[in-house]
Amino acid sequence: MIIFGYCIMPSHIHLIFRSAEGKPSELIRDLKEFTSRKLIEAVQDNNQESRKEWLLWMLKKAGQRNSNVKNYQLWQQNNKPIEIWSLKVFEQKLNYVHQNPVESGFVMEPWEWKYSSARNYCDDFEETDNFPKIFRQLGFDTKGVALEIKYLDEAGNLKTQTKFIKD
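Before going into details, it helps to say that this report is about the structure given with it.

Rules and cut-offs
- Residues numbered from 1 in each chain as written.
- Predicted model: local features only at pLDDT ≥ 70, side-chain atom pairs only at ≥ 80, totals over all residues.
- Heavy atoms only, no water.
- Buried < 20%, exposed > 50% of the residue type's maximum accessible area, 1.4 Å probe, protein only.
- Helix = DSSP H or I, 4+ residues; strand = E, 2+ residues; numbered from the N terminus.
- Pairing = 2+ DSSP bridges.
- Contact = heavy atoms within 4.5 Å.
- Phe/Tyr/Trp six-rings, centres within 6.5 Å; stacked < 30°, edge-to-face > 60°.
- Expected span 1.5 Å × (residues − 1).
- Arc of directions from axis to C-beta.
- Core = buried A, V, L, I, M, F, W, Y, C linked by side-chain atoms within 4.5 Å.
- Bend = angle between axes of the 7 residues up to and from the residue.

**Focus: the pairing of strand 1 (residues 2-8)**
Moving on, step 1. Of all seven residues in strand 1, five are buried, a share of seventy percent or more.
Moving on, step 2. Pairing of strand 1 with strand 2 (residues 13-18) involves six bridges; the strand directions are antiparallel. The residue of strand 2 that forms the bridge with Ile2 is Arg18.
Moving on, step 3. Where strand 1 hands over to strand 2, the hairpin turn is made up of four residues, counted between the paired strands.

**Regarding the side chain of Asn100**
Moving on, step 1. With respect to the helices and strands, the residue Asn100 is situated in helix 3 (residues 87-103).
Moving on, step 2. Excluding residues within four positions of it along the chain, Asn100 makes contact with Cys7, Met9, His12 and His14.

**Here's the deal with the packing of aromatic side chains**
Moving on, step 1. Under the defined criterion, the tally for this structure stands at three aromatic pairs.
Moving on, step 2. Each ring, one from Trp113 and one from Tyr115, has its centre 6.1 Å from the other, and the planes form 75 degrees; the classification is edge-to-face.
Moving on, step 3. With relative accessibility at 13%, the residue Trp113 sits in the buried group.
Moving on, step 4. Members of the aromatic cluster, connected to one another through ring pairs, are Phe106, Trp113 and Tyr115.

**Quick word on helix 1 (residues 24-45)**
Turn by turn, an α-helix covers 3.6 residues, leaving residues three or four places apart pointing in a common direction.
Moving on, step 1. Helix length check: helix 1, at 22 residues, gives a terminal C-alpha distance of 31 Å against a target of 32 Å (1.5 Å per residue), a fit within 8%.
Moving on, step 2. Ile28, Leu31, Lys32, Thr35, Ser36, Ile40 and Val43 are the residues of helix 1 that are buried. The buried residues of helix 1 all sit within an arc of 145 degrees when viewed along its axis, so they share a single face.
Moving on, step 3. Looking at the buried positions of helix 1, the neighbouring elements they touch are strand 2 and helix 2 (52-64).

**Describing the nonpolar core**
Moving on, step 1. One finds Phe4, Cys7, Met9, Ile16, Phe90, Leu94, Val97, Val102, Val107 and Trp113 forming the largest nonpolar core, which totals 10 residues.
Moving on, step 2. Residue assignment for this core shows that the elements contributing at least two residues are strand 1 and helix 3.
Moving on, step 3. When residues in this core are grouped by element, the largest group, four residues, is from helix 3.

**A closer look at helix 3**
Moving on, step 1. The end-to-end C-alpha separation of helix 3 is 23 Å, in line with the 24 Å expected for 17 residues at 1.5 Å each.
Moving on, step 2. Residue Val97 marks the point of greatest curvature in helix 3, where the axis turns by about 30 degrees; the proline Pro101 follows within four residues.
Moving on, step 3. All buried positions along helix 3 are accounted for by Val89, Phe90, Leu94, Val97, His98, Asn100, Pro101 and Val102.
Moving on, step 4. In this structure, the buried side of helix 3 is in contact with strand 1 and strand 2.
Moving on, step 5. Phi for Gly105, located one or two positions after helix 3, is positive at around 85 degrees.

Here it is, written out as structure tokens:
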């Protein structure tokens, strides 16, 4: 998975990505399966979580509404995939993703949202260090992973910078 942009909101997530194997549906399925398992385990194992019983009850209730769910359901069954076919559409979708916390009233500027790739598109590329922390918290092994940062230079040319994640 090559992630070009993301924004993790309290109730949903936005991802702009490319599947290296050309199978985005399978990739999203596996991502949902893995993250739901890890997040539910984290809730179950955290005795300090004051909403533990309520969260598990809500996830179980959601799972009971779907015949293909065994226990808990964290993610919605459907996705809203959009194919990005041009740089103009990419910029539009990336802007939409990064503006989400601003439009929701959480921050004044997109790069202020801690759980977004918006800071990766700023001039200060050191802010990308936040990216691996978020995904490590979700249980992903980020050792040896490279973050590919896409940005436009002053002339409007699409540039790529690769930054290897430090552990």
